[in-house]
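Residue strings, one per chain:
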Amino acid sequence: QMAEEEASASSHKELNERHEASLAKEQQLAEQLKEIEAKLSEATTLKDEMNSELGTHKAASLQKQEEQTKVCDDLQNKIKTLEANQMAEEEASASSHKELNERHEASLAKEQQL
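Residues numbered from 1 in each chain as written. Predicted model: local features only at pLDDT ≥ 70, side-chain atom pairs only at ≥ 80, totals over all residues. Heavy atoms only, no water.

Caption draft 1: The overall build of the protein chain, seen in detail. Secondary structure summary: the protein chain contains one helix and zero strands in total. Taken over the C-alpha trace, the protein chain has a radius of gyration of 48 Å; the compact-globule value for 114 residues is 13 Å, which it surpasses by more than 25%. The buried share of the protein chain, reckoned over its 114 residues, is 0%. Surface exposure of the protein chain reaches about 10,900 Å², of which carbon and sulfur atoms provide 54%. Positive and negative charge centroids in the protein chain, built from 14 and 26 side chains respectively, lie 7 Å apart. (Helix = DSSP H or I, 4+ residues; strand = E, 2+ residues; numbered from the N terminus. Rg over C-alpha atoms; globule rule 2.2 N^0.38 Å. Buried < 20%, exposed > 50% of the residue type's maximum accessible area, 1.4 Å probe, protein only. Areas by Shrake-Rupley, 256 points an atom, 1.4 Å probe, with all protein chains shown as cover. Lys, Arg positive; Asp, Glu negative; His and termini not counted. Charge placed at Lys NZ, Arg CZ, Asp CG, Glu CD.)

Structure representation (structure tokens):
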């Protein structure tokens, strides 16, 4: 009986030691899980901040592109206006030259007649 009690006590002691080791391991894993969750939260926050900055950068880039497009369109319109004005001036000048030539010819004809 004493031998059985000693064996039982030894068995209980061994089970208690295993249980304590298991609890210690569980506590360690719980702490590691908390650390991992904290790092994940930090990484998620950083990712959100970076996405926000990227969105801001994209919006600014798009606005700048739109502004540059507007400047280019304005310049193209000015060039077209200048070209149209130049053509109109050339046509007016050609018409004026033609009229002057006709007057000159009429004057020469009149002079010839006289």
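So much for the structure itself; the text now carries on.
Caption draft 2: Spatial organisation of the pattern of salt bridges. Overall, the coordinates contain three salt bridges when judged by the stated rule. Measuring nitrogen to oxygen at the nearest pair gives 3.1 Å for the salt bridge that ties K70 to D74. With K70 and D74 both in helix α1 (residues 2-113), this residue pair falls four residues apart, about one helical turn. Classification of K70 as exposed rests on a relative accessible area of 53%. Between E99 and R103 there is a salt bridge, with the nearest N and O atoms lying 2.7 Å from each other. Here R103 and E99 lie together in helix α1, a separation of four residues that amounts to about one turn. R103 sits in the exposed class, given a relative accessible area of 53%. (Salt bridge = Lys/Arg side-chain N within 4 Å of Asp/Glu carboxyl O.)

Caption draft 3: Main features of the environment of S95. Residue placement: S95 occurs in helix α1. In the structure, S95 is positioned eleven residues away from A84 in sequence and 16 Å away in space, judged by C-alpha atoms.

Caption draft 4: Spatial organisation of the environment of C72. As for its placement among the helices and strands, C72 is situated in helix α1. Placed 17 residues apart in sequence, C72 and G55 show a C-alpha to C-alpha distance of 25 Å.

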